[in-house]
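Observations on the three-dimensional arrangement
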Amino acid sequence: MNDEDLEIIGEIRGGNLRRFGTLVDRHKDRAMTLALRLVGTREEAEEVVQDSFVKAYDNLHKFRGDSRFSTWFYRILYNACMTRVQRRKDREVSVEGDIQNSGPMAVRDKRDVLLDIEEREMQTILRDEIARLPVRFRTPVTLFYVQEMSYEEISEVTGQPVGTVKTNLFRGRHALRQRVLARVSEENRK
Amino acid sequence: MTVENHIPEDELQGFVDGRLGVERVKALETHVKGCLECQRSLETIRQIDGALHGMALERTSAAFTVSVLQRLALSSAKRRTSFFANAASLFASLIVLAVLLSVFIWTGVIDTTQIAGAQLLGSEVIAKGGQAVSESVSWLESWLRTYFSFAFGKGSLQVSVSVVVVAMVLALVDHAARRRLSQKIR
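All figures in this text were calculated on a predicted structure; none of them were measured in a lab.

Focus on the overall build of chain B
- Tallying secondary structure elements over chain B gives seven helices and zero strands in all.
- Of the regular secondary structure in chain B, the N- to C-terminal order runs α-α-α-α-α-α-α.
- Within chain B, contacts between residues separated by at least 24 positions form 59% of all contacts whose residues are at least 6 apart in sequence.
- About 12,000 Å² of surface is accessible on chain B, with carbon and sulfur atoms providing 63% of the total.

Overview of the pattern of salt bridges
Residue and element names in this part refer to chain A.
- According to the stated counting rule, one finds 21 salt bridges over all chains in the structure shown.
- When the shortest N-O distance is used, the salt bridge between D66 and R64 registers 3.0 Å. Of the two residues, D66 and R64, neither departs from the other in class, the shared state being exposed.
- The partner of E129 in a salt bridge is R179, and the shortest N-O contact between them spans 3.7 Å.

With respect to the packing of aromatic side chains
- Under the definition given, this model contains 12 aromatic pairs over all chains.
- Each ring, one from F53 of chain A and one from F64 of chain B, has its centre 6.1 Å from the other, and the planes form 70°; the classification is edge-to-face. One end of the pair, F53 of chain A, is in helix 3 (residues 42-58); the other, F64 of chain B, is in helix 4 (residues 64-107), on a second chain.
- Between F69 of chain A and W72 of chain A, the aromatic rings sit 5.9 Å apart at their centres with planes inclined by 45°, giving tilted as the arrangement. Here the residue F69 of chain A and the residue W72 of chain A both occupy positions in helix 4 (residues 69-87), the gap between them amounting to three residues, near one helical turn.
- The exposure class of F69 of chain A is buried, given its relative accessible area of 0%.
- The exposure class of W72 of chain A is buried, given its relative accessible area of 17%.
- Three or more aromatic residues joined by ring pairs make a cluster, and in this case those are F20, F53, Y57, F63, F69, W72, F73 and Y74 of chain A together with F64 of chain B.

Regarding the nonpolar core
- The biggest cluster of nonpolar side chains holds 60 residues, and the ones touching the most others in it are F20, L77 and L126 of chain A.
- Counting contributing residues, this core receives three or more from each of domain 1 (9-54) and domain 2 (62-185) of chain B.
- Not counting residues up to four positions away in its chain, the partners in contact with F20 of chain A are I12, F53 and Y57 of chain A together with V68, L69 and L72 of chain B.
- Listed in part, the nine residues of the second largest apolar core include L12, C38, L42 and I45 of chain B.

A word on the confidence of the model for chain B
- In the predicted model, chain B carries a mean pLDDT of 76, and 69% of its residues have values of at least 70.
- Overall fold confidence (pTM) sits at 0.63, and the ipTM for the predicted complex is 0.74.

Observations concerning helix 8 (residues 135-145) of chain A
- In terms of burial, helix 8 of chain A is a largely internal element, 10 of the 11 residues being buried.
- Three or more residues of helix 8 of chain A are buried, namely V135, F137, R138, T139, P140, V141, T142, L143, F144 and Y145 of chain A.

Brief notes about the interface of chain A and chain B
- If you look at the interface, chain A gives 46 residues, while chain B gives 36 residues.
- When chain A packs against chain B, the two sides together hide about 4,100 Å² of surface, and 57% of this comes from carbon and sulfur.
- At the surface where chain A touches chain B, the tally comes to seven salt bridges.
- Connecting chain A to chain B are 20 residue pairs in polar contact (both at pLDDT 80 or more).

Looking at the environment of E7 of chain A
Residue and element names in this part refer to chain A.
- Residue position: E7 is located in helix 1 (residues 2-13).
- A residue is classified by how much of its surface remains accessible, and E7, at 52% relative accessible area, is exposed.
- Counting along the chain gives 12 residues from E7 to R19, while the straight-line C-alpha distance between them is 10.0 Å.

Things to note about the confidence of the model for chain A
- Here chain A averages 83 in pLDDT, while 83% of its residues score no lower than 70.
- Low pLDDT, under 50, characterises residues 92-109 of chain A; the stretch is placed with 34 contacts to residues that sit more than four places away or in other chains.

Some thoughts on helix 2 (residues 18-39) of chain A
Residues and elements named next belong to chain A.
- At H27, helix 2 shows its maximal kink, close to 45°.
- Across the 22 residues that make up helix 2, a large majority, 16, are buried.
- A positive backbone phi angle near 100° is found at G40, which sits one or two residues after helix 2.

Quick word on the packing of helix 2 of chain A against helix 8 of chain A
Residues and elements named next belong to chain A.
- Two numbers describe how helix 2 lies on helix 8: the axes approach to 10 Å, and their chain directions differ by 165°. Between helix 2 and helix 8, the crossing angle belongs to the class labelled roughly antiparallel. Regarding helix 2 and helix 8, the two cross each other, and that crossing is right-handed. Taken together, the residues of helix 8 that come into contact with helix 2 (itself represented by T33, L34, R37 and L38) are V135, R138, T139, T142 and L143.
- Residue classes in the contact of helix 2 with helix 8 are distributed as four nonpolar, three polar and two charged.

Calculation rules
- Residues numbered from 1 in each chain as written.
- Chains lettered and ligands numbered in written order.
- Predicted model: local features only at pLDDT ≥ 70, side-chain atom pairs only at ≥ 80, totals over all residues.
- Heavy atoms only, no water.
- Helix = DSSP H or I, 4+ residues; strand = E, 2+ residues; numbered from the N terminus.
- Contact = heavy atoms within 4.5 Å.
- Areas by Shrake-Rupley, 256 points an atom, 1.4 Å probe, with all protein chains shown as cover.
- Salt bridge = Lys/Arg side-chain N within 4 Å of Asp/Glu carboxyl O.
- Buried < 20%, exposed > 50% of the residue type's maximum accessible area, 1.4 Å probe, protein only.
- Phe/Tyr/Trp six-rings, centres within 6.5 Å; stacked < 30°, edge-to-face > 60°.
- Core = buried A, V, L, I, M, F, W, Y, C linked by side-chain atoms within 4.5 Å.
- Domains from an automatic or database assignment.
- pLDDT = per-residue confidence, 0-100.
- Buried area = accessible area lost by both parts, 1.4 Å probe.
- Polar contact = N/O pair within 3.5 Å; in protein donor to acceptor, adjacent residues only side chain to side chain.
- Bend = angle between axes of the 7 residues up to and from the residue.
- Axes fitted to C-alpha atoms, helices over the stretch in contact; angles between N-to-C directions.
- Parallel < 35°, antiparallel > 145°, perpendicular 65-115°, else oblique.
- Left-handed = near helix turned anticlockwise from the far one by under 90°.
- Nonpolar A, V, L, I, M, F, W, Y, C, P; charged D, E, K, R; others polar.

Below is the structure:
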């Protein structure tokens, strides 16, 4: 994937602007997924992804190819999303308490309910619950599962140390599991 | 079996992610085989993890790529326009400056002998430069006398009107050039 991106970037640098369209096509949906998870609304997400692609094009001469294009690009996108999130003073519902006060049993009590849920329903629940996570957990969870990035790549994108990434990812997954199990058992009771 | 003996959640997650060493994997598998609690926990992690990996991507609008390319074309055209507009403005300003200079020389506000007097400063380069300036000014003066004779010797009002007319013509040419370029961009 990286080699193909590098080849396309070489052509763009050679003056073929149309090839940038190919690069956009290759990354736009994953970029949209990350942006939507971070900024929350579809319109804003699409706008921020467009802005990031334009910025990436303007700064393409700075991309040296040391990392994957996607990692370099998601750093631009992540910063753009965070600027928007901070500007809006994102009011996060803290799950800090939930995480600290709950032991492994909190998950274990409800786990069997997962067997009863349909896949599509699960997707909806996951999407909702990811959106409700605080942004510091939402980011690594999305980058890990959607972008399939390693801890090191997430660290490069977010500018956080690898240790922080690991901790936030673990806590994010834990919180997500608890929320999903709680939500599923609630749905089943209805 | 007590809760303390169960495999911690981060370790089960590490097992699912494939991040544990061979020894630890063996120990974990042995424990999980004999522990219903850990089996169920592992299954939960696997199920949610699988669902997360299988989550559908969000789609952008149909015209997304075209919009990005249009924005890029527009911004690069803007950069070109701004370059040409600046060059046109600079050119127009130089012409206006030359016209004004000629008018001032002709009306006696600036004495050309002072410019030619630069030859007396000693340096050959400066002298040659001064001579070139002097010759250029003389040429402009005669050119203006030929084509704008109506404005000379009939008072400063007519001179000023001539300058303003020339400046307006240049401004119109500049404006037309900018409009043409912005139409091209659209």
